[in-house]
Amino acid sequence: MILRSFAKINLGIHLLGKRPDGYHEIVTLMETVDLADDVAVSGQESGTTVTCSDPAVPADGRNLAHKAADLVRDRYGLAGRGVRVHIEKRVPVAAGLAGGSGNAAMTLHGLNALWSLGLREEELMDLAAELGSDVPFCLYGGAAVASGRGEKVKWLDAAGSRHYVLVCPPFEVSSGWAYSQSKLELTKDSSCINLVSSVMQAGDVDRLASCLHNDLEPAVRAAFPEIDRARGLLADAGLEGILMSGSGPTVFGLASGRAAAERMACDLRGRVEPSWRFFAVSSKSRWEAGV
Ligand code: ATP
């Protein structure tokens, strides 16, 4: 079976503190967008085989889809079952778009169906949290506020849809590095996330642009001038609500509609080096697992 593994963007991230386990306590508002990898999950005699169309992505036990398969096999005593996962990569890697987390989430759904495990949402969410902070959100996507280290997810009823232009400069940012460089004293309260949530629920795109915030952005911006260049390109194109997603380097801006986003992405592609990638994307509502 082939599952679509969608990217996410963060419309707000606040770092609230450092936890004893080394992670940060955060609150973030995430939204799924319709830029996706395909994750094909099928049976094989034994073991786990992962392949990926992007040779830069590790296909061994470091791959999050591989980790997902090994975790399910160990947890449910399924040593005799084999699985093959092929990932057709379209989501830029290490770009703040949770590409790997989405692949792991879809592998969990795929295995649930392939091995007839009958796992319910709570069990899938627990497995996902063991694999990574963004994996629980990626299981169902849509719009949600996530807290803890990002694994406690409360889905939102977001009204209407939103359209964005994403710009991905040609380098990777390690999430661990971005967190380690970010200052905790920037914002101690998460009122901005509450504001973004209520604006999303009201479907008020005009107000949304003025309340986006990412505590990880200043440190990444200070280290990589490409972030300001990306911001400048989006601003010149007329986009509003410009923000870095996750730990970067992807920067997005809000467009007035899909056609406008497509037009702007197309114009921007012609203005910079081909290694810079631009995507016109739209929000995608919560996916009810019907695998
Ligand atoms: P997040 O937004 O959740 O922090 P990200 O979008 O910044 O994630 P990923 O695309 O998930 O980052 O990649 C982070 C690292 O994980 C990469 O450097 C890559 O080597 C590794 N990785 C492991 N499995 C995968 C996968 N299936 N797809 C992409 N990267 C993977």
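The structure presented is a predicted model; accordingly, all values stated were derived computationally and were not measured.

Draft legend 1. Molecular detail of the overall build of the chain. A tally of regular secondary structure across the chain gives ten helices and eleven strands. Here the C-alpha atoms of the chain give a radius of gyration of 19 Å, agreeing with the 19 Å that 2.2 N^0.38 yields for 291 residues. For the chain, the spread of C-alpha atoms along the three principal axes comes to 55 × 40 × 35 Å. Counting all 291 residues of the chain, 55% fall into the buried class. Sequence-distant contacts, at least 24 apart, represent 74% of the contacts inside the chain between residues at least 6 apart.

Draft legend 2. Region of the structure containing the layout of surface pockets. Counted as a void, the largest pocket has a volume near 1100 Å³. What lines the largest pocket is a set of 43 residues, among which Leu-64, Ala-98, Ser-101, Asp-134 and Ser-175 lie closest to the centre. Going through the elements one at a time, β1 (2-18), β2 (24-44), α1 (64-75), α2 (99-114), α3 (121-131) and α5 (175-181) are the ones with two or more residues in the lining of the largest pocket. For the lining of the largest pocket, a count of residues per class yields 19 nonpolar, 18 polar and six charged. When we break the lining of the largest pocket down by domain, the ones giving at least three residues each are domain 1 (2-155) and domain 2 (163-288).

Draft legend 3. Representation of the nonpolar core. With 37 residues, the main nonpolar core has Val-72, Val-83, Val-85, Leu-108, Leu-111, Leu-131 and Leu-139 as its most contacted residues. In this structure, Val-85 is in contact with Val-39, Ala-40, Thr-49, Val-50, Thr-51, Ala-65 and Thr-107, ignoring residues within four places of it in sequence. Formed by 30 residues, the second largest nonpolar core is a distinct cluster that contains Ile-9, Val-196, Leu-212 and Val-281.

Draft legend 4. Looking closely at the pairing of β1. Of all 17 residues making up β1, 13 are buried, and the element is well covered by its neighbours. Relative to β2, β1 runs antiparallel, the two sharing 15 bridges. Paired with Lys-18 across the two strands is His-24, which belongs to β2. Count of turn residues in the β1/β2 antiparallel hairpin: five residues, of which Gly-22 carries a positive phi of about 95°.

Draft legend 5. Spotlight on α3. The set of residues buried in α3 consists of Leu-124, Met-125, Leu-127, Ala-128, Ala-129 and Leu-131. Looking at the buried residues of α3, the elements they touch are α1, α2, α4 (135-140) and β6 (152-155).

Draft legend 6. Seen up close, the domain arrangement of the chain. One can read the domain layout of the chain as domain 1 (2-155) and domain 2 (163-288). Listed by partner, the interface residues are 40 residues for domain 1 and 42 residues for domain 2. Summing both partners gives a buried area of about 3300 Å² for domain 1 against domain 2, and 65% of it is carried by carbon and sulfur. Area buried by domain 1 at its contact with domain 2 is led by Leu-11, His-14 and Leu-15, which between them contribute 21% of it. The tally of links from domain 1 across to domain 2 stands at two salt bridges. For Asp-34, the salt bridge goes to Arg-258, with nearest N and O atoms at 2.9 Å. Remark: the boundary between domain 1 and domain 2 carries 15 residue pairs in polar contact (both at pLDDT 80 or more). Elements represented by at least two residues in the side of domain 1 that touches domain 2 include exactly β1, β2, α2, α4 and β5 (143-147). Looking at the side of domain 1 that touches domain 2, the element that brings in the most residues is β1, giving 13 residues. Split by residue class, the side of domain 1 that touches domain 2 holds 23 nonpolar, eleven polar and six charged.

Draft legend 7. Summary view of the site of the ligand. Close contacts around the ligand come from 20 residues, with Ala-94, Ala-98, Gly-100, Asp-134 and Ser-175 the closest. One nitrogen or oxygen atom from the main chain of Leu-97 is found 3.0 Å from an oxygen atom belonging to the ligand. Between the ligand and Gly-100, the relevant distance is 2.9 Å, taken from an oxygen atom to a main-chain nitrogen or oxygen of the residue. In the complex, 80% of the free accessible area of the ligand, which totals 610 Å², lies under the protein chains. Of all the cavities here, the one that holds the ligand is the largest pocket. By residue number, the principal contributor to the shell around the ligand is α2, which donates four residues. Per-class residue counts for the shell around the ligand are nine nonpolar, seven polar and four charged.

The rules we used
- Note on numbering: residues in each chain are counted from 1, in written sequence order.
- Local features are withheld for residues below a pLDDT of 70 in this predicted model, meaning they are given only at 70 or higher, and side-chain atom pairs are given and counted only at 80 or more; totals for whole chains, interfaces and linings count all residues.
- Computation of side-chain values covers all heavy atoms of the structure but excludes hydrogens and water.
- The helix count covers DSSP runs of H or I at least four residues long, the strand count covers runs of E at least two residues long, and both are numbered beginning at the N terminus.
- For this measure, only C-alpha atoms enter the radius of gyration; the expected value for a globule follows 2.2 Å times N^0.38, where N is the number of residues.
- A 1.4 Å probe rolled over the protein chains alone gives each residue an accessible area, and that area as a share of the maximum for its type sets the label: buried under 20%, exposed over 50%, partly exposed in between.
- A contact between two residues is defined here by any heavy atoms of the two lying within 4.5 Å.
- Of the grid points, spaced at 1 Å and generated over the protein atoms alone, those admitting a 1.4 Å probe that cannot get out make up cavities, while open sets with protein on both sides within 12 Å along at least five of seven lines make up pockets; any residue with an atom within 4 Å of a point is treated as lining.
- Grid points are joined across faces, edges and corners, and a volume is the space filled by probe spheres set on the points.
- The residue classification treats Ala, Val, Leu, Ile, Met, Phe, Trp, Tyr, Cys and Pro as nonpolar and Asp, Glu, Lys and Arg as charged. All others, Gly included, are polar.
- For each domain, the first and last residues come from an automatic or database assignment.
- To form a nonpolar core, buried Ala, Val, Leu, Ile, Met, Phe, Trp, Tyr and Cys residues must be joined to one another through side-chain atoms within 4.5 Å.
- Pairing between strands requires that DSSP locate at least two bridges from one strand to the other.
- What gets called buried area is simply the loss in accessible area from a 1.4 Å probe that two parts show on being joined, summed for both.
- Only one rule defines a salt bridge in this text: a Lys or Arg side-chain nitrogen within 4 Å of an Asp or Glu carboxyl oxygen.
- Any pair of nitrogen or oxygen atoms within 3.5 Å is treated as a polar contact; in protein, a donor-acceptor pairing is required on top of that, and neighbouring residues in sequence qualify only through side-chain atoms on both sides.
- Here a residue is considered near a molecule or strand provided that any single heavy atom belonging to it is located within 4 Å of it.
- All accessible areas in this document rest on Shrake-Rupley with a 1.4 Å probe, and a residue is counted as covered only by the protein chains that are shown.
- Grid points define the cavity or pocket, and a molecule sits in it when more than half of its atoms lie within 2 Å of them.

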